[in-house]
Amino acid sequence: MFIEKWKDTAFGSDYGGDFQQFLEKIPCKKLTLTEIYKRCDLKRYLDQPELLDERTDNNVRLDNPDFEQFVHYEDAVIALTAIVAESELNGSADLTTAYGSKIITFDISKEELLTLKNALTDIHNNTEKFVLFEMLGDYKEDTLVDILEIIDCIKESIDKK
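Below or above, wherever it landed, is the structure these notes cover. In this text the structure is predicted, and so the values were computed from the model without any measurement. Every chain begins its residue count from 1, and numbering advances along the sequence as written. Local features are withheld for residues below a pLDDT of 70 in this predicted model, meaning they are given only at 70 or higher, and side-chain atom pairs are given and counted only at 80 or more; totals for whole chains, interfaces and linings count all residues. Excluded from the side-chain calculations are hydrogens and water; all other atoms, namely the structure's heavy atoms, are used.

1. Here we look at the packing of helix α1 (residues 3-11) against helix α5 (residues 73-90)
- Where α1 meets α5, the axes come as close as 9 Å, and the angle between the chain directions of the two elements is 165 degrees. Taken as axis vectors, α1 and α5 run roughly antiparallel relative to one another. As for the relative orientation of α1 and α5, their crossing is left-handed in sense. Taken together, the residues of α5 that come into contact with α1 (itself represented by Ile3, Trp6, Thr9, Ala10 and Phe11) are Asp75, Ile78, Ala79, Ala82, Ile83, Ala85 and Glu86. Lines fitted to C-alpha atoms define the axes, with helix axes restricted to the stretch in contact, and inter-axis angles between N-to-C directions lie between 0 and 180 degrees. Helical segments are the DSSP runs of H or I of at least four residues, strand segments are the runs of E of at least two, and each set is numbered from the N terminus. Comment on the angle field: the value is read as roughly parallel under 35 degrees, roughly antiparallel over 145, roughly perpendicular from 65 to 115, and oblique elsewhere. Crossing chirality is assigned from the near helix's rotation relative to the far helix, an anticlockwise turn below a right angle marking it left-handed and a clockwise turn marking it right-handed. Note on contacts: a residue pair is in contact if any heavy atoms of the two residues lie within 4.5 Å.

If you want it as structure tokens, here you go:
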């Protein structure tokens, strides 16, 4: 539904696409944030957002047996939150319509949704803190509109829980 519309915002950057592929490789019938956190260090930024004030290129380390892999924090949060929003609203997120190869379903709590919403809201409201927005050029406003839509969908999901 929305994931196809948001695909360039969520997965159009190299790092957003890398994070999408990372999620697709996690072998779970229903994906959870706990499973994701076991395989990357995104949770440390969510638990300690003051780390984001130290620099604009905050990198999330991904478990990859072949090489050391990192993605920008903002790309990871945007990609993850878009997939979660789609999964919550439609029962699953069909990533085959958005550069991906799987259909992902999430099992997520109201508190976890709130954490993701707050992280994405911080990104939206503080673009100067994140390197992604330095690179967007003319696409920045379209990206911000998509992010607001994702936030609204997450809010709707929170209200339903």
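Now that the structure is up, let's keep going.
2. Overview of α5
- Between the first and last residue of a helix there are one fewer steps than residues, each counted as 1.5 Å, and that sum is the expected span. Taking 1.5 Å per residue, 18 residues should reach 26 Å; α5 reaches 26 Å between its end C-alpha atoms and fits that length.
- Here α5 lies mainly inside the structure; 15 of its 18 residues are buried.
- Phi turns positive one or two residues past the end of α5, at Gly91, with a value near 90 degrees. Using a 1.4 Å probe on the protein chains alone, a residue whose accessible area is under 20% of its type maximum counts as buried, one over 50% counts as exposed, and one in between counts as partly exposed.

3. Digging into the pairing of strand β1 (residues 59-62)
- Across the two faces of β1 the burial differs, with Val60 and Leu62 buried and Asn59 and Arg61 not buried at all.
- A pair of strands is considered paired only if DSSP assigns at least 2 bridges between the two. For β1 and strand β2 (residues 69-72), the ladder comprises four bridges, and the chain directions are antiparallel. Paired with Leu62 across the bridge in β2 is Gln69.
- In textbook terms, the turn of a hairpin is the stretch between consecutive antiparallel strands, and for β1 and β2 this stretch comprises six residues.

4. A short note on the nonpolar core
- Definition of nonpolar core: a set of buried residues of the types Ala, Val, Leu, Ile, Met, Phe, Trp, Tyr and Cys, connected through side-chain atoms within 4.5 Å. Residues Phe19, Leu23, Ile36, Leu42, Tyr73 and Leu80 are the most contacted members of the largest nonpolar core, which totals 53 residues.
- Take this core: its biggest share by element is ten residues, from α5.
- With near-sequence residues (within four places) excluded, Leu23 lies in contact with Leu31, Ile36, Leu80, Ile83 and Ile104.

5. Some words on the pattern of salt bridges
- By convention in these notes, a salt bridge is any Lys or Arg side-chain nitrogen within 4 Å of a carboxyl oxygen on Asp or Glu. Within this structure, the stated rule accounts for eleven salt bridges.
- Its salt-bridge partner being Asp53, residue Lys129 comes within 3.2 Å of it at the nearest N-O pair. Note that Lys129 is positioned in the loop between α6 (110-125) and α7 (131-135) and Asp53 in the loop between α4 (42-47) and β1, a separation of 76 residues in sequence.
- Under the relative-accessibility criterion, Lys129 is labelled buried at 16%.
- With a relative accessible area of 56%, Asp53 lands in the exposed category.
- Between Glu88 and Lys161 there is a salt bridge, with its nearest N and O atoms 3.5 Å apart. With Glu88 in helix α5 and Lys161 in the segment after α8 (140-160), this residue pair connects regions lying 73 residues apart in the sequence.
- Its relative accessible area of 22% is what places Glu88 among the partly exposed residues.
- Relative accessible area serves as the criterion here: at 44%, Lys161 is assigned to the partly exposed category.

6. Side note on unusual backbone geometry
- Of note, the phi angle at Tyr99 is positive, near 70 degrees, even though the residue is not glycine.
- Turning to its location among the elements, Tyr99 is positioned in the loop between β3 (93-94) and β4 (103-104).

7. Some details on the environment of Phe2
- As for its placement among the helices and strands, Phe2 is situated in the segment before α1.
- Judged by its relative accessible area of 25%, Phe2 is partly exposed.
- Each C-alpha atom of the pair Phe2 and Gly16 lies 16 Å from the other, and the pair is 14 residues apart in sequence.
- When neighbours within four sequence positions are excluded, Phe2 is seen to be in contact with Glu86, Leu89 and Cys153.

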